[in-house]
Amino acid sequence: MEKQYDVAALGELLIDFTMHGQSGQGNDLFEACPGGAPCNVLAMLNKLGRRTAFIGKVGADRFGDLLRGTIEDVGIEAKGLVSDKEARTTLAFVHTLPDGDREFSFYRRPGADMMLAQEEVDYDLIRSSRVFHFGTLSMTDEPVRTATKKALEAAREAGCLITFDPNLREPLWNTLDDAKAAMEYGFGYCDMLKISDNEIQFISGKDDYDEGIRYLQERYRIPVIFLTMGKDGSRAYYKDLRVERRGFAVKAVEATGAGDTFCGCVIDGLLKYGVEGLDEGKLGEILTYANAAAALITLKKGAIRSMPERGRIDEMIKAGSDLVS
């Protein structure tokens with residue numbers, strides 16, 4: 001089938017309610033920001049000129065309408081997004097802690113994204129895409145767990161490059177063993193893995209990041225792995241190569257979507273260079289670009305509507321080149 005899209009993604013699409021100060025009465029105010037990791041990734045790719053399509057489910061409610069309109073506005077193909085008349089759109093309240101870390105409170109029992117059934121997946125969207133992207137939150141519950149697995153089979157059969165970001169959210173799992181099993185399932189399918197520092201420690205049981213990555217490489221033979229380390233930057237692992245680039249110093253407002261922004265830029269880099277014949281120069285370029293974009297999105301609230309423009313990323317790299325190792 002002709003590859004009409006660069007990237008198709010399946011997963012959660014939801015509303016992130018982010019802190020927005022207090023009212024005159026002293027009540028916390030929250031801003032309703034369209035989000036959800038897989039669609040955040042697509043939104044960044046769209047900013048970079050890529051053609052994208054989303055597969056998922058929202059409620060037939062006000063928030064579902066808002067999400068559908070949002071992804072259409074930013075240029076993501078929405079024909080794979082279906083509506084559920086029974087389950088409501090998933091909501092997440094994001095609480096920013098004094099140290100800059102975040103806590104999430106989810107309203108998802110059930111949420112519409114969990115209710116996507118295998119027969120509702122638009123497999124033609126997957127077959128007509130160069131890359132298929134997914135995470136683990138579409139494997140927390142049925143029927144979306146089976147839908148995700150069927151989509152992965154279709155992507156493999158279609159010869160898609162398969163990219164995976166676990167995006168571990170502990171409160172959404174019945175047990176951490178279930179989360180680990182879903183992550184391991186994804187490792188077995190992906191050609192590219194984007195994983196965070198805390199996730200590699202969780203899955204490998206090793207404090208040293210390099211040891212944890214070696215564990216994944218030896219067990220799952222993943223061609224290329226990108227590790228994010230927050231403000232400390234990121235690393236790429238490819239065959240015997242280990243490439244590291246430091247982050248960009250900014251006064252962050254809110255970190256939601258930074259990892260997804262990074263992931264979108266990495267996928268863009270792989271679309272440019274492929275996964276064969278990567279070298280230190282190409283991997284370093286990908287890391288620097290992704291680090292800069294991830295830093296920029298922390299200057300705004302929300303994700304889908306806050307992705308940085310290519311020109312701003314280039315400016316960040318030029319201005320902060322002395323921060324790059």
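Residues numbered from 1 in each chain as written. Predicted model: local features only at pLDDT ≥ 70, side-chain atom pairs only at ≥ 80, totals over all residues. Heavy atoms only, no water.

Novice: Describe helix α7 (residues 209–220), and please don't skip the residues or the numbers.
Specialist: Between its first and last C-alpha atoms α7 spans 16 Å; for twelve residues at 1.5 Å apiece the expected length is 16 Å, and the two agree. Contacts made by the buried residues of α7 are with α5 (176–187), β10 (192–196), α6 (197–204), β11 (224–228), β12 (234–238) and β13 (241–245). N-capping of α7 is provided by D208, with a side-chain oxygen placed 3.1 Å from the backbone N of D210. Directly after α7, the chain includes R221, whose backbone phi takes a positive value near 55°. (Helix = DSSP H or I, 4+ residues; strand = E, 2+ residues; numbered from the N terminus. Expected span 1.5 Å × (residues − 1). Contact = heavy atoms within 4.5 Å. Polar contact = N/O pair within 3.5 Å; in protein donor to acceptor, adjacent residues only side chain to side chain.)

Novice: Lay out the packing of aromatic side chains in plain terms, naming residues and giving numbers.
Specialist: Scanning the model with the defined rule gives nine aromatic pairs in all. Between the aromatic rings of F30 and F93, the centroid separation amounts to 5.3 Å while the plane-to-plane angle is 85°, which identifies the pairing as edge-to-face. Of this pair, F30 sits in strand β3 (residues 28–35) while F93 sits in strand β6 (residues 91–96); the two residues are 63 residues apart in sequence, bridging distant segments of the chain. Judged by its relative accessible area of 28%, F30 is partly exposed. (Phe/Tyr/Trp six-rings, centres within 6.5 Å; stacked < 30°, edge-to-face > 60°. Buried < 20%, exposed > 50% of the residue type's maximum accessible area, 1.4 Å probe, protein only.)

Novice: Before we move on, could you go through helix α9 (residues 280–297) and cite the residues and values that matter?
Specialist: Helical geometry: 3.6 residues make up each α-helical turn, so side chains three or four residues apart lie on a common side. Between its first and last C-alpha atoms α9 spans 26 Å; for 18 residues at 1.5 Å apiece the expected length is 26 Å, and the two agree. Counted residue by residue, α9 has 14 buried out of 18 residues, so it is predominantly covered. For α9, the side-chain oxygen to backbone nitrogen distance between the N-cap and G281 is 3.2 Å, and the N-cap itself is D279.

Novice: Go over unusual backbone geometry with me, naming the residues and quoting the values.
Specialist: Of note, the amide linkage connecting R109 to P110 takes the cis form, showing an omega dihedral of -5°. Mapped onto the elements of the fold, P110 is located in the loop between β7 (102–107) and α3 (123–127). Geometrically, the link from E142 to P143 is a cis peptide bond, its omega value of 10° lying close to zero. For P143, the position within the fold is in the loop between β8 (129–134) and α4 (144–157). Unusually for a residue other than glycine, N167 sits at a positive phi of about 50°. The residue N167 is located in the loop between β9 (161–164) and α5 in this model. The phi dihedral of K239 falls on the positive side, at around 55°, and the residue is not glycine. Within the element layout of this structure, K239 appears in the loop between β12 and β13.

Novice: Describe in detail the sheet that holds strand β5 (residues 77–84), supporting the description with residues and values.
Specialist: Paired through backbone hydrogen bonds, the strands of a sheet run either parallel or antiparallel to each other. Strand order in the open sheet made by the nine strands is β5-β4-β1-β8-β9-β10-β11-β12-β13, with mixed pairing throughout. Strand pairing shows two members of the sheet lacking a second neighbour, β5 and β13, which therefore form its edges. Neighbour-to-neighbour, the strand axes of this sheet turn through a mean angle of 15°, independent of strand direction. As paired elements, strand β1 (residues 5–10) and β8 share four bridges and run parallel to each other. If you follow A9 over to β8, its bridge partner there is H133. Running at roughly 175° to β5, helix α2 (residues 62–73) makes contact with β4 (52–59) and β5 of the sheet. Together, β11, β12 and β13 form the strand contacts of α9, whose direction differs from that of β13 by roughly 35°. (Pairing = 2+ DSSP bridges. Axes fitted to C-alpha atoms, helices over the stretch in contact; angles between N-to-C directions.)

Novice: Could you give an account of the environment of V253, naming the residues involved and the relevant values?
Specialist: As for its placement among the helices and strands, V253 is situated in the loop between β13 and α8 (258–273). Relative accessible area serves as the criterion here: at 44%, V253 is assigned to the partly exposed category. Once the C-alpha coordinates of V253 and K300 are considered, the two residues, 47 residues apart in sequence, prove to be 6.1 Å apart. Non-local contacts of V253, meaning those with residues more than four positions away in its chain, are made with T298, L299, K300 and K301.

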